[in-house]
Every structure is written in structure tokens, then in C-alpha cells.
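Listed below are the residues making up each chain.
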Amino acid sequence: MKCTKCGTVNLERANFCKKCGSRLSSTLVCSSCKHENPPDSVFCNGCGQRLASSKTRQRQKVCQSCGFANDPGIEYCVNCNQKLRV
Ligand SMILES: [Zn+2]
Ligand SMILES: [Zn+2]
Ligand SMILES: [Zn+2]
């Protein structure tokens, strides 16, 4: 289990980082259907939506239609040309 804050590798079952004390998320919760997925998942097991894997991706505009993560300044999805909601 790698700490997303400081990068320290902790025990797989650890709930908190041994170095900085941040909570280690053991699951990736889908923002769309709230399904809990294994930490290494790229796509949701529940609905197929692409999961935001790291903090740097949270600012990206995720297409409601295809789940593609577009750069923040983009208005239309690069992948499917759907208008992106802000
Ligand atoms: Zn840490
Ligand atoms: Zn989902
Ligand atoms: Zn799209």
C-alpha cells in the first residue's frame, strides 16, 4: 500500500501511513456509482466508468459520456466530442 501523500510504501493491510499518518485508501470509490474497487483498478467494476487514480487527475474534466479524462481547459471531449460539464 503506497501512501498517496508522501509515497512511503506501507504494509498492504495498513490503514494509515507509518510516515505521515495519512489515511491510506484501500479502495477506489467510483464517483459515479459509489462501487468500491481494488486500488489498482483503472475502470469501475460496477459501471465501467474510468476511475480517478491520483490527486493530479481530479482537476481533469471527466467526460460524462465516455469517461475519458480531458485536460481542464477543454470544452469538448477529446475522445467522443461530447460537451463537457464544468
Ligand atoms: Zn505518507
Ligand atoms: Zn462505478
Ligand atoms: Zn467522451
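S.K.: Can you help me understand the overall build of the protein in this one?
M.R.: Looking only at helices and strands, the protein features zero helices and four strands. If you list the helices and strands of the protein from N to C, you get β-β-β-β. Overall size of the protein, expressed as C-alpha extent along the three principal axes, is 45 × 25 × 15 Å. Of all 86 residues assigned to the protein, the portion counted as buried reaches 10%. In the protein, the share of contacts with a sequence separation of at least 24, taken over all contacts with a separation of at least 6, comes to 2%.

S.K.: How should I be thinking about the environment of Asn10 in this particular structure?
M.R.: Mapped onto the elements of the fold, Asn10 is located in the segment before strand S1 (28-29). Accessibility expressed as a C-beta count within 10 Å gives 15 for Asn10, which makes it partly exposed. Taking the C-alpha atoms as reference, Asn10 lies 25 Å from Lys34; in sequence the two are 24 residues apart. Among all residues touching Asn10, those that are not within four sequence positions of it are Met1, Cys3, Cys17, Lys18 and Leu24.

S.K.: In this structure, what is going on with the environment of Cys20? I would like to understand it.
M.R.: The topology assignment puts Cys20 in the segment before S1. Residues Cys20 and Cys6, spaced 14 residues apart in sequence, show a C-alpha to C-alpha distance of 7.0 Å. For Cys20, the residues in contact, after removing those within four places along its chain, are Cys3, Lys5 and Cys6.

S.K.: What exactly am I supposed to notice about unusual backbone geometry here?
M.R.: Across residues other than glycine, the phi torsion is negative in most instances, and most of the peptide bonds are trans. Positive phi, close to 65°, is recorded for Lys34, a residue that is not glycine. With a phi angle near 70°, Asn81 is a residue other than glycine that sits in the positive phi range. Position of Asn81 relative to the elements: it lies in the segment after strand S4 (69-70).

Each value, and the rule that gives it
- Each residue is numbered by its place in its chain's sequence as written, counting from 1.
- Chain A is the first chain written and ligand 1 is the first ligand written, with later ones labelled in order.
- Only residues with pLDDT of at least 70 are given local features in this predicted model, and only at 80 or more are side-chain atom pairs given and counted; all residues enter the totals for whole chains, interfaces and linings.
- For helices the rule is a DSSP run of H or I covering at least 4 residues; for strands it is a run of E covering at least 2, with both sets numbered from the N terminus onward.
- As a rule, residues whose C-beta atom has 12 or fewer other C-beta atoms within 10 Å are exposed, those with 20 or more are buried, and those in between are partly exposed; C-beta atoms are placed from the backbone.
- What counts as a contact here is a pair of residues whose C-beta atoms, placed from the backbone, lie within 7 Å.

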